[in-house]
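Close look at the chain arrangement
Take a look at the letters that make up each chain.
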Amino acid sequence: MYQATLRIDSDTPYERATAGSDARIELWCNSHCDLLSIDGDVDDDVFDYIERTVGVYNELRGEHGRVIITGACLKAHSDHNVEPYLEANNCLLVPPIRYEGGTKRVRVLASRSEDLTSFYTDITESYDVHVDSKRAITEVFADQPLLSLESLLPSLSPRQRETFTLAYEEGYYEIPRQTTTTELAEAVGIERRTLEHHLRRAEQKLAEAFVGLL
């Protein structure tokens, strides 16, 4: 089997809600409703869209975001679905669909490499598509058949990923430290306190993801 991770620009309300921010929306689509996990600050327009289109069946609010169960499946109310392209090319969607940085990120599974290629060819006729990764699946695990390093990693926002990667590359985590948050903030072009916030959130997510594996 083969799996590809792609970013698709399709101008949906969820993509617009995450554009220019560190917000992230993950969607698990069901035939009768959707489950949405929303991390970070999202404009109220997206909640108005959900309420107006299918309604909210249930909602849980926390310190960093929300979990929403919609009153019906939103797919029937959108013209920007990947499912027709998947079906036409014998491919499967591996949930969730992730919206971040103004784009839609999907994982696609196929039995044959050429099916992924044909899926990509078809969908690029309608949308701008960027391939993040493509790999063959060679291992099977009882509790998670599509287990990969990617599936173990937490979902960092684009800015969290950028600041953490830069901090590591510039020696922030070396002993002694080779740089400061002030210098990192200048390199990114943001305020020091803003950078420290993104860095702490990235560190927290990584710690929570891996502490159980120690």
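Residues numbered from 1 in each chain as written. Predicted model: local features only at pLDDT ≥ 70, side-chain atom pairs only at ≥ 80, totals over all residues. Heavy atoms only, no water.

1. Quick notes on the overall build of the protein
- Tallying secondary structure elements over the protein gives 8 helices and 8 strands in all.
- The buried share of the protein, taken over its 214 residues, is 40%.
- Of the contacts made within the protein by residues no fewer than 6 positions apart, 63% connect residues no fewer than 24 positions apart. (Helix = DSSP H or I, 4+ residues; strand = E, 2+ residues; numbered from the N terminus. Buried < 20%, exposed > 50% of the residue type's maximum accessible area, 1.4 Å probe, protein only. Contact = heavy atoms within 4.5 Å.)

2. A word on unusual backbone geometry
- Cis geometry marks the peptide bond from Pro-95 to Pro-96, where omega comes out at 5 degrees.
- Relative to the assigned elements, Pro-96 resides in strand β6 (residues 91–100).
- Going from Ile-175 to Pro-176, the amide bond is cis rather than trans, its omega being -5 degrees.

3. Some points on the pattern of salt bridges
- Across all of its chains, the model carries 14 salt bridges by this definition.
- Here Glu-26 and Arg-24 are joined by a salt bridge, their closest N and O atoms 3.7 Å apart.
- Note on Glu-26: relative accessible area 10%, which makes it buried.
- A salt bridge links Arg-201 to Asp-39; the shortest N-O distance between them is 3.5 Å. Residue Arg-201 is located in helix α8 (residues 192–210), and its partner Asp-39 is located in strand β3 (residues 34–39); the two are separated by 162 residues in the primary sequence. Like Asp-39, Arg-201 is buried. (Salt bridge = Lys/Arg side-chain N within 4 Å of Asp/Glu carboxyl O.)

4. Here's the deal with a negative patch on the surface
- A contiguous patch of negative charge, built from Asp-43, Asp-44, Asp-45, Asp-48 and Glu-51, is present on the exposed surface.
- On the basis of relative accessibility, which here comes to 49%, the residue Glu-51 falls in the partly exposed class. (Patch = residues over 30% accessible without salt bridge, like charges linked within 9 Å, V, L, I, M, F, W, Y side chains within 5 Å. Areas by Shrake-Rupley, 256 points an atom, 1.4 Å probe, with all protein chains shown as cover. Lys, Arg positive; Asp, Glu negative; His and termini not counted. Charge placed at Lys NZ, Arg CZ, Asp CG, Glu CD.)

5. What to know about the sheet that holds strand β7 (residues 103–110)
- Read across the open sheet, the 8 strands follow the order β4-β5-β3-β2-β6-β7-β1-β8; overall the sheet is antiparallel. Looking along the sheet, the strands with just one partner apiece sit at the ends: β4 (56–61) and β8 (128–136). The mean angle between the axes of side-by-side strands here comes to 20 degrees, regardless of whether they run parallel or antiparallel.
- Across 8 bridges, the pairing between strand β1 (residues 2–9) and β8 is antiparallel. Residue pairing in the sheet places Ala-4 in a bridge with Lys-134 of β8.
- Each of β1, β6, β7 and β8 is contacted by helix α4 (residues 113–123), which is oriented at about 10 degrees to β1, the strand it contacts most. (Pairing = 2+ DSSP bridges. Axes fitted to C-alpha atoms, helices over the stretch in contact; angles between N-to-C directions.)

6. Side note on the packing of aromatic side chains
- All chains considered together, the criterion is met by 5 aromatic pairs.
- On the numbers, 5.1 Å between centres and 65 degrees between planes, the contact of Tyr-14 with Tyr-99 is edge-to-face. Taken together, the residues Tyr-14 in helix α1 (residues 13–18) and Tyr-99 in strand β6 connect sequence positions 85 residues apart. Considered together, Tyr-14 and Tyr-99 belong to a single accessibility category, that of buried residues.
- Ring centres of Phe-164 and Tyr-173 lie 5.5 Å apart, and the angle between their planes is 45 degrees; this geometry places the pair in the tilted category.
- Here Phe-164 falls in the partly exposed class, since its relative accessible area comes to 23%.
- By relative accessible area, which is 34% here, Tyr-173 ends up partly exposed.
- An aromatic cluster of three or more residues is present, and its members are Tyr-14, Tyr-49 and Tyr-99.
- Looking at Arg-177, its charged tip hangs above the ring of Tyr-172, at a distance of 4.0 Å from the centre. (Phe/Tyr/Trp six-rings, centres within 6.5 Å; stacked < 30°, edge-to-face > 60°. Lys NZ or Arg CZ within 6 Å of the ring centre and 35° of its normal.)

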